[in-house]
Amino acid sequence: MNENKITRPPLESLACINGTCELYGQAGQENLTIRKTYGQDQIRYLRCRSCGKEFSERKNTALWNCKIKESRAIAVAEHLAEGCSIKGTARLVKVDPSTVRRLNSCLGQHGQQFHNDKVQHLEIDTLQADERHGFAGHKGNPAWEAELIEPDSKFVISHVQGRRDETLIRNLLQDGANRLVNRHDLVLFSDGEASYASLFPQVFGQAYQPTRQGQCGRPPKQRYRIPRSLAHVQVVKHRCGQRLKSVEIRYSHGSRKRVSQALHKLGYKVPNTSAIERRNGTARLMSAFQVRKTLAF
């Protein structure tokens, strides 16, 4: 990478980061001035005319308090995004492994925050869900990842980690539902995990309180109604040993007519989770902690 081609964003595109300032987060207000530059990358130290606060242009970014050159930090991020290991990235970029670990944590936290801020109010009517198994440190310490993607664009809506239980599926579905404009107009394709079928009405359905019959006893529990625009299909794979024996299409909630509309829009003939399974296969090849029967390149 050419270390002389680092370009700075124009001053007009930056905004004050002081939460109490009346111009907080407003770019193009001509309230920022360059007080000085510092470091080997000549980082600009800015001052807000409105509130008088001073801050670095890297504040609240993934490279804040970075001790190496910006070009090398970007190279570390690019290698990690391509699936390189911590030690491999350190050898290729010629930095200490501890620097790569710190940048890996900062980049991950910044990316998650950026995703949470930008991925909101989505107009999506089809989702595919699946889990991916791996391990942390050694194979005796399993770690699961669950994802929701839009099958047409392959865009990742939600990503959660933890043990493979009802809590993991609940967090996945709830996080994905909170990002949608209309959670009641949706078709969800998932595997045969029982938690999807039990949690789907609670997360995506319409809650209502049944009428109480009589005066004795406790009032009835809250129930959930599945609208006509909502459906859930489970693709259950039955195996004999390591071989696939049959595939069962289970219409868990909603009407088949709504599912047929979604399949026609996607260009599918039968319900499936092919999009997210392809993503899981690619993700496994990019991580030595998740690869199964092949070399991780």
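Going by the structure above, here's the rest.
Since this is a predicted model, take the numbers as computed values, not measurements.

## A few points about the nonpolar core
If you look at the biggest cluster of nonpolar residues, it comprises 23 residues, and the most contacted ones within it are Leu127, Leu148, Leu172, Leu173, Leu180, Leu188 and Phe204. Contributions of two or more residues to this core are made by strand E4 (126–135), strand E5 (142–150), strand E6 (155–162), helix H4 (166–178), strand E7 (186–190) and helix H5 (194–204). Apart from the residues within four sequence positions on either side, leucine 148 is in contact with Leu127, Gln128, Ala129, Phe155, Val156, Ile157, Ser158, Leu172, Leu173, Gly176 and Leu188. Formed by twelve residues, the second largest nonpolar core is a distinct cluster that contains Ile68, Ala73, Ala90 and Val95.

## Regarding the environment of phenylalanine 200
In this structure, phenylalanine 200 sits in helix H5. Given the relative accessible area of 0%, phenylalanine 200 is considered buried. With near-sequence residues (within four places) excluded, phenylalanine 200 lies in contact with Leu188, Gly205, Ile226, Leu230, Ala231, His232 and His253.

## Here we look at the pattern of salt bridges
Pairing between side chains of opposite charge can happen when the charged atoms of each approach one another. The full count for this structure, using the stated rule, is 17 salt bridges. With a closest N to O distance of 2.9 Å, lysine 265 and aspartate 125 form a salt bridge. Highlighted residues: lysine 265 in helix H6 (residues 256–266) and aspartate 125 in the loop between helix H3 (97–118) and E4, separated in sequence by 140 residues. Note that glutamate 147 is salt-bridged to arginine 279, the shortest N-O span being 2.6 Å. Of the two residues, glutamate 147 is situated in strand E5 and arginine 279 in helix H7 (residues 274–285); the sequence distance between them amounts to 132 residues. The exposure class assigned to arginine 279 is partly exposed, which follows from its relative accessible area of 32%.

What counts, and where the lines are drawn
- Residues numbered from 1 in each chain as written.
- Predicted model: local features only at pLDDT ≥ 70, side-chain atom pairs only at ≥ 80, totals over all residues.
- Heavy atoms only, no water.
- Core = buried A, V, L, I, M, F, W, Y, C linked by side-chain atoms within 4.5 Å.
- Buried < 20%, exposed > 50% of the residue type's maximum accessible area, 1.4 Å probe, protein only.
- Helix = DSSP H or I, 4+ residues; strand = E, 2+ residues; numbered from the N terminus.
- Contact = heavy atoms within 4.5 Å.
- Salt bridge = Lys/Arg side-chain N within 4 Å of Asp/Glu carboxyl O.

The quantities given are spatial measurements derived from coordinates; they are silent on function.
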